[in-house]
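Each chain, written out:
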Amino acid sequence: MTTLVGRPGPDERPPGTAGMQPPSSTSGLLEVFRRRYLLRLLVKRELSARYQGSFLGMVWSYIQPLVRFLLYYFVIGQIIGMGDVVENFAVHVFTAMVFVNYFTESFTAGTRSIVRNSSIIKKMAVPREMFPTASMIVSAYHTVPGMVILLGACLFVGWSPDPVGFAAGLLGFLIFTVLGTALALLFSAANVFARDFSNVVQTLNQFVQFSVPMIYPYSLVQDKFAEFAPYYLLNPLASAVLLMQRCFWLPTTDDPAASAITEMPDHLFTIGFAHLGGALVVLVIAQLVFIRLEKKFPERL
């Protein structure tokens, strides 16, 4: 076959390059964690950018959740009176608030991550999944101050942790993390093609805090909806919040065993594992969709 002068034909590649692939040809979440050094750099970059020019810096990560907690506690707990209905309402609401905020921040920041890092994507051949993943890690990092405040509040009111509670907390955290990462992957790819998706995510997040037992207990759902209450638990975020409350809030009540009967649904762990399995399925689907769409990212960014 005759080829143009100066352009090697398909069988005329330079010696030693056979089988070589461009760095971007290998993608996927596994590849992201193989390149941990780049992931660490990206996480440090996002953290530095967030606090650039800030006098208080990391202190804001303690101030903001504390202010949100005080607003919810005084408005919902004291003015509306939920503090008289739910034992240790402050711990109940703040447990949900910390981890719901972790999920919504991961979802929101992850959705914008590809567009926000378009200059890097155009210049460097890196797995594009690295950007939503880094956003999730940064969100987890910013959850730590809220957890410190939460642990302090739990210890103050007499927290008596147990192994089952720790297992519930781990399961709940995994549901938040896996589902948040899956949705961030899916919506970050969609946001490249239509920037409206970032606004869609912000709108969806407004419903999250009211769709989980944060400002109200699950027992209220049972009382109001009776036999329809199990349908409420089809929401994986609701079961994840209940699992976190099983870890942090339930052991602060006067009688945890009695509270578990009245305030927690039956078979909570079974529901939680089912939702974790569902979240993993969504993650696989999101990864496949992401791989299919990422080939067109450069021309859309």
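Higher on the page you've got the structure.
Everything quoted here is computed from the prediction, not taken from an experiment. (Residues numbered from 1 in each chain as written. Predicted model: local features only at pLDDT ≥ 70, side-chain atom pairs only at ≥ 80, totals over all residues. Heavy atoms only, no water.)

Novice: Explain the overall build of the protein chain to me, and be specific about the residues and the numbers.
Specialist: Scanning the protein chain for helices and strands turns up 14 helices and zero strands. Going from the N terminus to the C terminus, the protein chain shows its helices and strands as α-α-α-α-α-α-α-α-α-α-α-α-α-α. Burial analysis of the protein chain (301 residues in total) assigns 47% to the buried set. Restricting the contact set of the protein chain to residue pairs at least 6 apart, pairs at least 24 apart contribute 81%. (Helix = DSSP H or I, 4+ residues; strand = E, 2+ residues; numbered from the N terminus. Buried < 20%, exposed > 50% of the residue type's maximum accessible area, 1.4 Å probe, protein only. Contact = heavy atoms within 4.5 Å.)

Novice: Tell me about the nonpolar core, residues and numbers included.
Specialist: Counting residues in each nonpolar core, the largest one holds 78 residues, and the members touching the most others are Val93, Ile114, Phe176, Met214 and Phe248. For this core, the leading source of residues is helix α4 (residues 89-116), giving 13 residues. With near-sequence residues (within four places) excluded, Ile114 lies in contact with Ile121, Arg128, Phe131, Pro132, Ser188, Val192, Phe290, Phe297 and Leu301. (Core = buried A, V, L, I, M, F, W, Y, C linked by side-chain atoms within 4.5 Å.)

Novice: With reference to specific residues and values, describe the packing of helix α2 (residues 36-51) against helix α6 (residues 130-157).
Specialist: Where α2 contacts α6, the two axes come as close as 9 Å, and the packing angle between them is 55 degrees. In terms of orientation, α2 lies oblique with respect to α6. Two packed elements cross with a definite hand, and for α2 against α6 that hand is right-handed. Residues Leu38, Leu39, Leu42, Val43, Glu46, Leu47, Arg50 and Tyr51 of α2 touch α6, and the partners they reach there are Met130, Phe131, Thr133, Ala134, Ser135, Ile137, Val138, Tyr141 and His142. Here the residues of the contact of α2 with α6 sort into 12 nonpolar, three polar and two charged. (Axes fitted to C-alpha atoms, helices over the stretch in contact; angles between N-to-C directions. Parallel < 35°, antiparallel > 145°, perpendicular 65-115°, else oblique. Left-handed = near helix turned anticlockwise from the far one by under 90°. Nonpolar A, V, L, I, M, F, W, Y, C, P; charged D, E, K, R; others polar.)

Novice: So what about the side chain of Arg246? Which residues, and what values?
Specialist: Within the fold, Arg246 resides in helix α11 (residues 236-248). Those residues in contact with Arg246 that sit more than four places away from it in its chain are Asp162, Val164, Gly165, Ala168, Pro251, Met264 and Leu268.

Novice: Requested: an account of helix α8 (residues 196-208), with residues and values cited.
Specialist: Taking 1.5 Å as the rise per residue, α8 with 13 residues should run 18 Å; its terminal C-alpha atoms sit 19 Å apart, in good agreement. Within the span of α8, buried status applies to Ser198, Val201, Asn205 and Val208. For α8, the angular spread of the buried residues around the axis is 60 degrees, confining them to a single face. In α8, the exposed residues that point more than 90 degrees away from the buried face are Asp196, Gln206 and Phe207. Residues of α8 that are buried in the fold lie against α4, α7 (163-193) and α11. (Expected span 1.5 Å × (residues − 1). Arc of directions from axis to C-beta.)

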